[in-house]
Amino acid sequence: MVSPEIFYLHIHGEQRGPYTIPQIDHLLNTGLIAEETLYWREGLEQWQPVTSLVKLRRPKNPWIKPLIILGILFVLAVMGQFFGSVALLGWREANQHEYTEQAAYWRARGVVRSSVLAPGTVVEFRHFTPADIEMQPPKHATVRLEGEVTEHAGQGRVITWNVPMQFDPRAREWTGGPPQEVAP
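Below, the structure is looked at part by part. (Residues numbered from 1 in each chain as written. Predicted model: local features only at pLDDT ≥ 70, side-chain atom pairs only at ≥ 80, totals over all residues. Heavy atoms only, no water.)

1. Brief notes about the pattern of salt bridges
The tally for this structure, following the rule as stated, stands at five salt bridges. The partner of aspartate 25 in a salt bridge is arginine 57, and the shortest N-O contact between them spans 2.9 Å. One end of the pair, aspartate 25, is in helix α1 (residues 21-29); the other, arginine 57, is in the loop between β4 (48-49) and α2 (64-94), and 32 residues separate them in sequence. (Salt bridge = Lys/Arg side-chain N within 4 Å of Asp/Glu carboxyl O. Helix = DSSP H or I, 4+ residues; strand = E, 2+ residues; numbered from the N terminus.)

2. Here's the deal with helix α3 (residues 101-115)
An ideal rise of 1.5 Å per residue puts 21 Å on 15 residues; α3 measures up with 21 Å between its terminal C-alpha atoms. Ala103, Ala104, Tyr105, Trp106, Ala108, Arg109, Gly110, Val111 and Val112 are the residues of α3 that are buried. (Expected span 1.5 Å × (residues − 1). Buried < 20%, exposed > 50% of the residue type's maximum accessible area, 1.4 Å probe, protein only.)

3. Focus: the packing of aromatic side chains
Counted by the stated rule, this structure contains nine aromatic pairs. Ring centres of tyrosine 99 and phenylalanine 167 lie 5.8 Å apart, and the angle between their planes is 50°; on these two criteria the pair is classed as tilted. Taken together, the residues span a long stretch of sequence, with tyrosine 99 in the loop between α2 and α3 and phenylalanine 167 in strand β8 (residues 156-168) at a distance of 68 residues. (Phe/Tyr/Trp six-rings, centres within 6.5 Å; stacked < 30°, edge-to-face > 60°.)

4. Focus on α1
Every buried residue belonging to α1 is among Ile24, Asp25, Leu27, Leu28 and Asn29, and all of these are buried. Just beyond α1, the residue with positive phi is glycine 31, at close to 85°.

5. Comments concerning the sheet that holds strand β3 (residues 38-40)
Taken in spatial order, the four strands line up as β2-β1-β3-β4 in an open sheet, and their pairing is antiparallel. In this open sheet, the two strands that pair with only one neighbour each are β2 (14-19) and β4. Bridge count for β3 against β4 is two bridges, and the pairing is antiparallel. Across the sheet, the residue bridging to leucine 38 is proline 49, located in β4. Running at roughly 125° to β2, α1 makes contact with β1 (7-11) and β2 of the sheet. (Pairing = 2+ DSSP bridges. Contact = heavy atoms within 4.5 Å. Axes fitted to C-alpha atoms, helices over the stretch in contact; angles between N-to-C directions.)

6. Some words on the pairing of strand β7 (residues 140-150)
Only one face of β7 is covered, namely the one carrying Ala141, Val143, Leu145, Gly147 and Val149; the face carrying His140, Thr142, Arg144, Glu146, Glu148 and Thr150 has none of its residues buried. As judged from the four bridges shared by strand β5 (residues 122-125) and β7, these two strands associate in the antiparallel manner. Bridge pairing in β7 links glutamate 124 to glutamate 148. Pairing of strand β6 (residues 133-136) with β7 involves four bridges; the strand directions are antiparallel. Residue glutamate 134 lies in a different strand from β7, and its bridge partner there is threonine 142. Here β6 folds back onto β7, and the loop between the two strands holds three residues. In the sheet, β7 pairs with β8 via 11 bridges, with the strands oriented antiparallel. In the strand pairing of β8, glutamate 148 is matched with valine 158.

7. Here we look at the nonpolar core
Membership of the largest hydrophobic core comes to 21 residues, with the highest contact counts inside it found for Leu145, Trp161, Val163 and Met165. If you tally residues by element for this core, the top one is α3, at seven residues. By size, the runner-up hydrophobic cluster in this structure holds 11 residues, among which are Ile11, Ile24, Val50 and Val54. (Core = buried A, V, L, I, M, F, W, Y, C linked by side-chain atoms within 4.5 Å.)

8. Here's the deal with unusual backbone geometry
At the junction of proline 137 and proline 138, the peptide bond is cis and its omega measures out at 10° in the coordinates. Inspection of the secondary structure puts proline 138 in the loop between β6 and β7. Notably, histidine 12 is not glycine yet its phi reads approximately 50°, a positive angle. One non-glycine residue, arginine 172, adopts positive backbone phi at about 55°. Along the chain, arginine 172 turns up in the loop between β8 and β9 (173-176).

See below:
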């Protein structure tokens, strides 16, 4: 008499068995046999996928999602530490759309960076001080900027510039220049 509980597996080109359903379940769900493994038993015309006989269960690892989220947060924190302040300063220099002292100051920094400094030169500007901006209503200003410039060779020096600025109220945009270096 043929038992319907006896199965054979096709593993690496060979027929192996006999196996019972609990044995096949264990082999599949522990990874000892692949999902593509085929089974056969007496009465079947051809080999069938083992996943049609037993259900493939993926063990849930409770740490996977928190570790992925933690990894993403770590990468974002590292990137923010390195690039955050530079990106913020660049955004502030380029996006000033009001006729204010601070807007003139930030846009004048962008003018100095783009028109005076050689590529690769690093400048650390002194912080905003209202006394360094002379507003000339309705649409002009002169900004006095001071910054420590470090060139390719690593030599640093302090430079002061006067930057004439003009505000276009229609476009809500500051333009300026050319910056003029002030003798020490």
